[in-house]
Amino acid sequence: MFKVIVDDVEYEVRFEQYPPPDVDREKFTDEYKFRFCFGTICSIIYEDAGDDEENYTYEIKGISELSIKDQFNRSIGRKVSLTKALKELFPDDANKRKVFWTKYWLVRGGKW
């Protein structure tokens, strides 16, 4: 998870891996998550004033899904899901998307 400020709006970025729908979530351990995960969800959460000047919370999601032939890779899933979420949030502004990628790179310790 990390936070980015763009045009005086704070965005919070979260990642989670998701299981197949028939998995009992009570028995869902970290090891199971790593070995049998089927995708990654990137959520970008932010607050913004609406037309009535009240703040509303928005959540944009990008989802990466594994093909049956794919090997799960947490890093690739995060990059694919972040790409999809950013393209939905800022479809025509590559500079704003670049701010998120720079922060992601820094949070990852200079590794993609």
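Everything below is about the structure printed above this text.
Residues numbered from 1 in each chain as written. Predicted model: local features only at pLDDT ≥ 70, side-chain atom pairs only at ≥ 80, totals over all residues. Heavy atoms only, no water.

Take the sheet that holds strand 1 (residues 2-6) next. Here we have 4 strands laid out as an open sheet, ordered 1-2-3-4, and antiparallel in their pairing. With one partner strand each, in any of the chains shown, strand 1 and strand 4 (55-65) form the two edges of the open sheet. Geometrically, the sheet is characterised by an average inter-axis angle of 25° between neighbouring strands, direction not taken into account. As paired strands, strand 1 and strand 2 (residues 9-18) are joined by 5 bridges and run antiparallel to one another. (Pairing = 2+ DSSP bridges. Helix = DSSP H or I, 4+ residues; strand = E, 2+ residues; numbered from the N terminus. Axes fitted to C-alpha atoms, helices over the stretch in contact; angles between N-to-C directions.)

An ideal rise of 1.5 Å per residue puts 20 Å on 14 residues; helix 3 (residues 94-107) measures up with 20 Å between its terminal C-alpha atoms. Against the buried residues of helix 3 lie strand 1, strand 2, strand 3 (39-49) and helix 2 (74-89). Capping the start of helix 3, Asp93 holds a side-chain oxygen 3.3 Å from the backbone nitrogen of Asn95, two or three residues further along. (Expected span 1.5 Å × (residues − 1). Contact = heavy atoms within 4.5 Å. Polar contact = N/O pair within 3.5 Å; in protein donor to acceptor, adjacent residues only side chain to side chain.)

All right, on to a negative patch on the surface then. On the surface, a cluster of negative charge is contributed by Asp51, Asp52, Glu53 and Glu54. Within the fold, Asp52 resides in the loop between strand 3 and strand 4. Asp52 sits in the partly exposed class, given a relative accessible area of 44%. (Patch = residues over 30% accessible without salt bridge, like charges linked within 9 Å, V, L, I, M, F, W, Y side chains within 5 Å. Areas by Shrake-Rupley, 256 points an atom, 1.4 Å probe, with all protein chains shown as cover. Salt bridge = Lys/Arg side-chain N within 4 Å of Asp/Glu carboxyl O. Lys, Arg positive; Asp, Glu negative; His and termini not counted. Charge placed at Lys NZ, Arg CZ, Asp CG, Glu CD. Buried < 20%, exposed > 50% of the residue type's maximum accessible area, 1.4 Å probe, protein only.)

So, on to the pattern of salt bridges. Applying the stated criterion across every chain yields a total of 5 salt bridges. Between Glu12 and Arg14 there is a salt bridge; the shortest N-O distance is 2.6 Å. Linking Lys96 and Asp93 is a salt bridge whose minimum nitrogen-to-oxygen distance equals 3.8 Å. Among the charged side chains, a salt-bridge network with shared partners connects Asp7, Asp93 and Lys96.

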